Amino acid sequence: MFAGLDPYFQYQFLTMLNHIAQTIFFVMAALSDIIPWRPLRRFTTYAYTILLPIASIVGILFWSIYLYDQDLMIPKERNFDYPMALNKFQHGYVSLLMWMELFLRAVRRASPAHARDDDIVPPLRVQMTSTAIVAILYIGWMHVTKVWAGGFPYPFLNLLDDWGRMGFFAGSVLLVWCVVFLGDRSSNQIARMLGAKERHLPGLTPPAAGQHQKPKISQKKDNQENKLD
């Protein structure tokens, strides 16, 4: 696809960086199911909450601009072969794969045999902060690559002035946050519908091992018996 081009050319694109990150994620996720190492499983759970909105934004922004004018996304001067099947996979199927992963993770949280405290996703504010940091890092990376590439990786960014690019970047971050919110709520709702325990839903701290709270009715009964004594 990138034959004859600068070997580092592909690393300008969020699509390629997303593929690399997803490959590492799925390898680590597979290892976390084989190796019972708690930090690894916690890390994959946290990493997934970042990769889902990134993979989604790749598909949403690419197709919304590409269908309007493909020259705004793929540079005319770059004559590389880009089959439509590969285009659909890189900017469509990969995003769908992450949403399938969301469903499977929600099912696991609802399964008594597989649910663990490591599956508790971070609070929504942590997810939004993390994705905003990743978005800012990529925006900075685009400005770094602009120096040696002679322009931004996506042609439409070169057509905008500074204020136009700032507006686009701000809108993109807001769109990422919308996906974060949708993913978080969808995951919790699916897990709850499938009977997940409240301890496997975010924002609730699981009780320590061996500690169980008495029901309020039994506590009242105990207090009444103590008074009678």
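See above for the structure.
Now for a look at the structure at hand. Keep in mind that what you see is a predicted model, and the values were worked out from it rather than measured.

**Some remarks on the overall build of the protein chain**
The helix and strand inventory of the protein chain stands at seven helices and zero strands. Overall, the protein chain shows an N-to-C arrangement of helices and strands of α-α-α-α-α-α-α. Partitioning the intrachain contacts of the protein chain with sequence separation of at least 6 by distance along the chain shows that 74% fall at a separation of at least 24. Surface exposure of the protein chain reaches about 14000 Å², of which carbon and sulfur atoms provide 66%.

**Observations concerning the packing of helix α3 (residues 84-110) against helix α6 (residues 162-193)**
Contact pair α3 / α6: the axes reach a minimum separation of 8 Å and the direction vectors enclose 35 degrees. Every pair of crossing elements has a handedness; the one defined by α3 and α6 is right-handed. Between α3 and α6, the residues in contact are Trp-99, Leu-102, Phe-103, Ala-106, Arg-109 and Ala-110 and Val-179, Leu-182, Gly-183, Ser-186, Ser-187, Asn-188, Ile-190 and Ala-191, respectively. Of the residues in the contact of α3 with α6, the class split is nine nonpolar, four polar and one charged.

**What to know about the pattern of salt bridges**
In the structure shown here, the tally under the stated rule is three salt bridges. A salt bridge links Arg-105 to Glu-101, with the nearest nitrogen and oxygen atoms 2.9 Å apart. Remark: Glu-101 and Arg-105 occur in helix α3; sequence separation between them is four residues, near one turn of the helix. Grouping residues by exposure puts Arg-105 and Glu-101 together as buried. Across the pair Asp-184 and Arg-185 runs a salt bridge, and its minimum N-O distance is 2.5 Å. The class for Arg-185 is partly exposed, based on a relative accessible area of 41%.

**Concerning the layout of surface pockets**
Of the volumes computed, that of the largest pocket is approximately 300 Å³. Together, 16 residues line the largest pocket, and Leu-17, Ala-21, Ile-50, Leu-51 and Val-134 are the ones closest to its centre. Elements with a contribution of two residues or more to the lining of the largest pocket: α1 (14-34), α2 (38-66) and α4 (124-149). For the lining of the largest pocket, the per-class residue count stands at 15 nonpolar, one polar and no charged.

**Some details on α1**
The end-to-end C-alpha separation of α1 is 30 Å, in line with the 30 Å expected for 21 residues at 1.5 Å each. Looking only at α1, the buried set comprises Leu-14, Thr-15, Met-16, Asn-18, His-19, Gln-22, Phe-25, Ala-29 and Ser-32. The inward-facing, buried residues of α1 abut α2, α3 and α4.

**Considering empty space enclosed by the protein**
Inspection of the entire model under this criterion finds two cavities of 30 Å³ or more. Taken as a whole, the second largest cavity spans an internal volume of roughly 200 Å³. Forming the boundary of the second largest cavity are 18 residues, of which Tyr-48, Thr-49, Leu-102, Val-121 and Ser-187 lie nearest the centre. Listed by contribution, the elements that provide at least two residues to the lining of the second largest cavity are α2, α3 and α6.

About the criteria used
Residues numbered from 1 in each chain as written. Predicted model: local features only at pLDDT ≥ 70, side-chain atom pairs only at ≥ 80, totals over all residues. Heavy atoms only, no water. Helix = DSSP H or I, 4+ residues; strand = E, 2+ residues; numbered from the N terminus. Contact = heavy atoms within 4.5 Å. Areas by Shrake-Rupley, 256 points an atom, 1.4 Å probe, with all protein chains shown as cover. Axes fitted to C-alpha atoms, helices over the stretch in contact; angles between N-to-C directions. Left-handed = near helix turned anticlockwise from the far one by under 90°. Nonpolar A, V, L, I, M, F, W, Y, C, P; charged D, E, K, R; others polar. Salt bridge = Lys/Arg side-chain N within 4 Å of Asp/Glu carboxyl O. Buried < 20%, exposed > 50% of the residue type's maximum accessible area, 1.4 Å probe, protein only. 1 Å grid on protein atoms, 1.4 Å probe; cavity = no way out; pocket = protein on both sides within 12 Å on 5 of 7 lines; lining within 4 Å. Points joined across faces, edges and corners; volume = space filled by probe spheres on them. Expected span 1.5 Å × (residues − 1).

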